[in-house]
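The residues making up each chain are set out below.
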Amino acid sequence: MASDRLFGLVVLMTALAFIASATQIQTSFLSDPVGPKAFPMLIGGVAAISALVMIIKPDPSPQWPVLKTFGSLLIALLVLVAYAYALKPFGFLFPTAVTAAILSYQISSRVVPSMLTGVGLSIGLFILFKYALKLGLVPFPQGFLS
Amino acid sequence: MDIMSNLALGFSIALSPYTLFLAVIGCFLGTMIGALPGLGPSNGVAILIPITFTLGLDATSALVLMTSVYYGAMYGGRISSILLNIPGDEPALMTTLDGYPMAKQGRAGDALVLSGVASFVGAFLATVGLLLLAPLLARVAYLFGPAEYFALYLLAFCTLGGVASNNQAKAAIASCIGLGIAMIGVDDNSGMPRLTGGNMHLADGIDFLVAIVGLFAIAEVFFFIEGHGRNSSIGVKLEKVVVPWRDIWLVKWTMLRASLVGFVAGILPGAGASLGSFLAYMSEKSIAGKEGGFGTGVAKGVAAPESGNNAAAGGALVPMLTLGVPGSGTTAVLLALLMTLNITPGPTLFTDRPEVVWGLIASLLIANVVLLLMNVPLVSFFVRILMVPAWILLPGVTMISFVGIYSLSGSYFDLLLMVAFGVLGYVLRKLDVPTVPVILGILLGGHMEDALRRAMVLSDGDFMYLFSSPIAIGFWIAAILGFVAPMFLRNVLAKPQRVTD
């Protein structure tokens, strides 16, 4: 109940914000009868109505994870965000090994197999991508090993 | 005959050693992807698209490779259904109902071979159906103007929301999320940026591949972390595999009927393979009656959903190729592939690029034979793939997703967006909001708006123009029915739950 209502409320707010920002779209002199605003506003309208339906008639709530699992999910999310930033400056091998190991640990909760998974995936995938598929990956940060 | 000469053209392309090689690789990869729990046809194909694109394959080769993966994943999905009682992908859910009980009786090998043959029959008949029906439909599609296309897109969203989800409001929200995302970026008609919030990265819009990989692959990782790999249970052992000729002969009519049902379900826009296998199983169950023993591990119960599922996979290619409207989540991903390769599906595809269409159809036929040959003797190898633990598989999938998207654009912003879509996918699936309409919205949003605006230019702003032709009116009626009717049929067509032991 509560989850659906909350989600419905979030969607409703987003839809209204979407409509509001659609009214700000600039029209150029070269315009057609519909213009660039109408369709986004239509979508926002449909979304807002559906959100209201969800608030009025919610489904039973799903089973949300316990706090500890929620923590693991948050860690995984942070690691993925950090990985996205790290891939360019630090090369492929190190960030991949660390990220894969942490993700693996979040699933298995065992330290040694996770670390081996991280290192193995990092090297294995690098060889696969670089030499078998010939993608242009940078293994190490620039200036390393030179 | 037209079809024969077209097929000859197709086979001349598909039988080149290189294309054949790609088809075999695709089938192999696809079966593995389908077999692995957590990877199915849609996310499997999704994470491979960016990599295929970066490899610089030409359009036909890329298409052959990816559709082989697609068909292969449909085959592979049954392996974990039968052995572990875990559907490798959503359409394989129905296969667990009789496949797992059969495996528990010590007939795992029989069930695997039987379902392999049933998959072959379904996919083969559907490919034949595709090559007969697609050119006809393409000819009809020439008559479609913007009004008809607008109604058709609406139909796709409505049936997808109505048939494939449990709550219409949630499906509508999902479609709107997708359509709303498609609006971001520069408007083609006026050249003005829309809804970018002044962010330079968003001026080009959001790449649908980023969204697809995030929603399908990254979200899956979150689910596995939540489950702590609980799903990787050990299932039934596989003994020696022999071909159960008697059972195969016994289910011949079942396979034919199920293929027909599946094919028709696949053609309906938005319905797809899950509906195909569901309808095929339910109709065979009612034909067999109480004495049929469905649900206890009978041969017909294994053959029906597999034929239906694979026939629907072929059927779903019909609207995708001729109209550019995908019939399922995976064909939506294949549509994304076509768009990436700069191929516009639709009636003109059949006249302008016959080599692509017929090469594709011919390679589907070949892939199908390869899959049958590969699946029967190599089944014990694919069974071993199931042993890959989730704590190696899922980090691997994540890394492949990152590399794929990174090699497309080289920007960290796309990677962040992909992670954000992963979170969105997790939340949506938790709340039972379907994610396929989101993808469909992102893919079709631009076309849908364009159709509406062109229709309004033609009619000088008269909204009645949208209902001006019989075809358009038919689509509108079908759309409304497809959205509303399932509300009343929901109790009748309730999906059976998985067998629990």
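Residues numbered from 1 in each chain as written. Chains lettered and ligands numbered in written order. Predicted model: local features only at pLDDT ≥ 70, side-chain atom pairs only at ≥ 80, totals over all residues.

S.K.: Residue-level account of the overall build of chain B, with values.
M.R.: Secondary structure assignment for chain B yields 21 helices and two strands. Seen through its C-alpha atoms, chain B measures out along the principal axes to roughly 70 × 50 × 50 Å. When contacts within chain B are restricted to residue pairs at least 6 apart in sequence, long-range pairs at least 24 apart make up 81% of them. (Helix = DSSP H or I, 4+ residues; strand = E, 2+ residues; numbered from the N terminus. Contact = placed C-beta atoms within 7 Å.)

S.K.: Can you tell me about the overall build of chain A, naming the residues and giving the values?
M.R.: Secondary structure summary: chain A contains five helices and zero strands in total. Ordering the α and β elements of chain A from the N terminus gives α-α-α-α-α. The C-alpha radius of gyration of chain A comes to 23 Å, more than 25% above the 15 Å expected for a compact globule of 146 residues. In terms of overall dimensions, chain A has a C-alpha envelope of 60 × 50 × 25 Å along the principal axes. Buried residues in chain A amount to 32% of all 146 residues. The contacts in chain A between residues at least 6 apart in sequence include a share of 57% that link residues at least 24 apart. (Rg over C-alpha atoms; globule rule 2.2 N^0.38 Å. Buried ≥ 20, exposed ≤ 12 C-beta atoms within 10 Å, placed from the backbone.)

S.K.: Outline the interface of chain A and chain B, listing residues and values.
M.R.: Accessible area lost during the coming together of the parts is what is often quoted as the interface size. Counting from both sides, the interface comprises 57 residues of chain A and, opposite them, 54 residues of chain B. If you list the elements that add at least two residues to the side of chain A that touches chain B, you get α1 (2-23), α2 (38-56), α3 (67-90), α4 (93-108) and α5 (111-132) of chain A. Top contributing element to the side of chain A that touches chain B by residue count: α3(A), with twelve residues. A class-by-class count of the residues in the side of chain A that touches chain B yields 37 nonpolar, 16 polar and four charged. (Nonpolar A, V, L, I, M, F, W, Y, C, P; charged D, E, K, R; others polar.)

S.K.: Account for the packing of helix α4 (residues 59-84) of chain B against helix α14 (residues 329-340) of chain B, with residues named and values stated.
M.R.: All names here are of chain B. One way to put it is that α4 packs onto α14 with a least axis distance of 11 Å and a crossing angle of 170°. As the angle between them shows, α4 and α14 are arranged roughly antiparallel. Contact residues: α4 offers M66, T67 and Y70, while α14 offers T330, L334 and L337. Each residue belonging to the contact of α4 with α14 can be placed in one class, and the counts come to four nonpolar, two polar and no charged. (Axes fitted to C-alpha atoms, helices over the stretch in contact; angles between N-to-C directions. Parallel < 35°, antiparallel > 145°, perpendicular 65-115°, else oblique.)

S.K.: Please give an account of helix α21 (residues 470-489) of chain B that cites residues and values.
M.R.: For the α-helix, the turn length of 3.6 residues means that residues three or four positions removed from each other point alike. Under the 1.5 Å per step criterion, the end-to-end length of α21(B) is 27 Å for 20 residues, consistent within 8% with the ideal 28 Å. Taken as a whole, α21(B) has its buried residues at B:A472, B:F475, B:A479, B:G482, B:F483 and B:P486. (Expected span 1.5 Å × (residues − 1).)

S.K.: Describe the confidence of the model for chain A, with residues and values.
M.R.: This prediction gives chain A a mean pLDDT of 86; 93% of its residues lie at or above 70. Per-residue pLDDT, averaged within each element of chain A, yields its smallest value for α5(A) (88) and its largest for α2(A) (92). (pLDDT = per-residue confidence, 0-100.)

S.K.: How would you summarise the domain arrangement of chain A if you had to cite specific residues and measurements?
M.R.: Considered domain by domain, chain A is made up of domain 1 (2-56) and domain 2 (67-132). Domain 1 of chain A and domain 2 of chain A are separated by 38 Å when their C-alpha centres are compared. (Domains from an automatic or database assignment.)

S.K.: Can you lay out the environment of B:V210 for me, pointing to particular residues and giving the numbers?
M.R.: Residues and elements named next belong to chain B. Relative to the helices and strands, V210 is located in helix α8 (residues 208-227). The spacing of V210 and G396 is 186 residues in sequence and 18 Å in space, taken between C-alpha atoms. If near-sequence neighbours (up to four positions away) are discounted, V210 is found in contact with I405, D414, L417, M418 and F421.

S.K.: Can you break down the nonpolar core residue by residue, with the values?
M.R.: B:M66, B:F150, B:Y153, B:I212 and B:V213 are the most contacted members of the largest nonpolar core, which totals 224 residues. Residues from two domains meet in this core; each of domain 1 (2-56) and domain 2 (67-132) of chain A gives at least three. Those residues in contact with B:F150 that lie beyond four places of it in its chain are B:M448, B:A451, B:L452, B:A455 and B:L466. (Core = buried A, V, L, I, M, F, W, Y, C linked by C-beta atoms within 7 Å.)

S.K.: If you had to explain the environment of B:I177 to someone new, which residues and values would you point to?
M.R.: All names here are of chain B. Here I177 lies in helix α7 (residues 168-183). Judged by C-beta crowding, with 24 C-beta atoms within 10 Å, I177 ranks as buried. Separated by 258 residues in sequence, I177 and T435 place their C-alpha atoms 9.7 Å apart. In contact with I177, other than residues within four places in its own chain, are V438 and G441.

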